[in-house]
Amino acid sequence: MSIGPERSAWEATHDSNTLQRWLKDHNCHGSDAVFVTMRLLNCGLAEAGRMYFAAPCRQAERDFHNQAMDDLEATGEDV
């Protein structure tokens, strides 16, 4: 993985949205992105997960997660 100006922008601002954009642009998704976030920011799983799902560039992941949770909830109601 090459390090580009996006990483420099993140290092300068420490903006979690910039970090998530950089990770996404470098094909780092899902749990891998959360674990990288934890490691880089020295934070816990809950905080890294919030940063991951709150990033505007992760809208598709949020939509998938929300639909999966809705589907699981609906399945549970049918039992």
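Notes on the structure follow. None of these values were measured; they are calculated from a predicted model. (Residues numbered from 1 in each chain as written. Predicted model: local features only at pLDDT ≥ 70, side-chain atom pairs only at ≥ 80, totals over all residues. Heavy atoms only, no water.)

1. Description of the nonpolar core
Inside soluble globular proteins, nonpolar side chains tend to come together where they are buried. In terms of nonpolar packing, the biggest core is built from ten residues, these being L19, W22, L23, C28, A33, V34, C43, A48, M51 and Y52. Looking at this core, the elements that each hand over two or more residues are α2 (16–25), α3 (30–41) and α4 (45–54). (Core = buried A, V, L, I, M, F, W, Y, C linked by side-chain atoms within 4.5 Å. Buried < 20%, exposed > 50% of the residue type's maximum accessible area, 1.4 Å probe, protein only. Helix = DSSP H or I, 4+ residues; strand = E, 2+ residues; numbered from the N terminus.)

2. Comments concerning α3
Taking 1.5 Å of rise per residue, the twelve residues of α3 would be expected to cover 16 Å, and the 17 Å separating its terminal C-alpha atoms lies within 8% of that figure. Turning to α3, its buried residues are A33, V34 and T37. End-on, the buried residues of α3 take up no more than an arc of 100 degrees, which puts them together on one face. Pointing more than 90 degrees away from the buried face of α3 are the exposed residues D32 and R39. Its buried side turned inward, α3 meets α2 and α4. (Expected span 1.5 Å × (residues − 1). Arc of directions from axis to C-beta. Contact = heavy atoms within 4.5 Å.)

3. So, α2
Among all positions in α2, only L19, Q20, W22 and L23 are buried. Buried residues in α2, looked at end-on, bunch into an arc of 160 degrees, giving them a common side. Trailing α2 by a residue or two, N27 shows a phi angle of about 60 degrees, which is positive.

4. Description of the pattern of salt bridges
Tallied over the full model, the rule gives two salt bridges. Here R21 ties to D25 by a salt bridge, and the two come within 3.2 Å at their closest N and O atoms. Remark: D25 and R21 occur in helix α2; sequence separation between them is four residues, near one turn of the helix. R21 gets classed as partly exposed once you look at its relative accessible area, which sits at 38%. The class for D25 is partly exposed, based on a relative accessible area of 44%. A salt bridge links R58 to E61, with the shortest nitrogen-to-oxygen separation between them at 3.3 Å. Each member of the pair, R58 as well as E61, carries the same accessibility label: buried. (Salt bridge = Lys/Arg side-chain N within 4 Å of Asp/Glu carboxyl O.)

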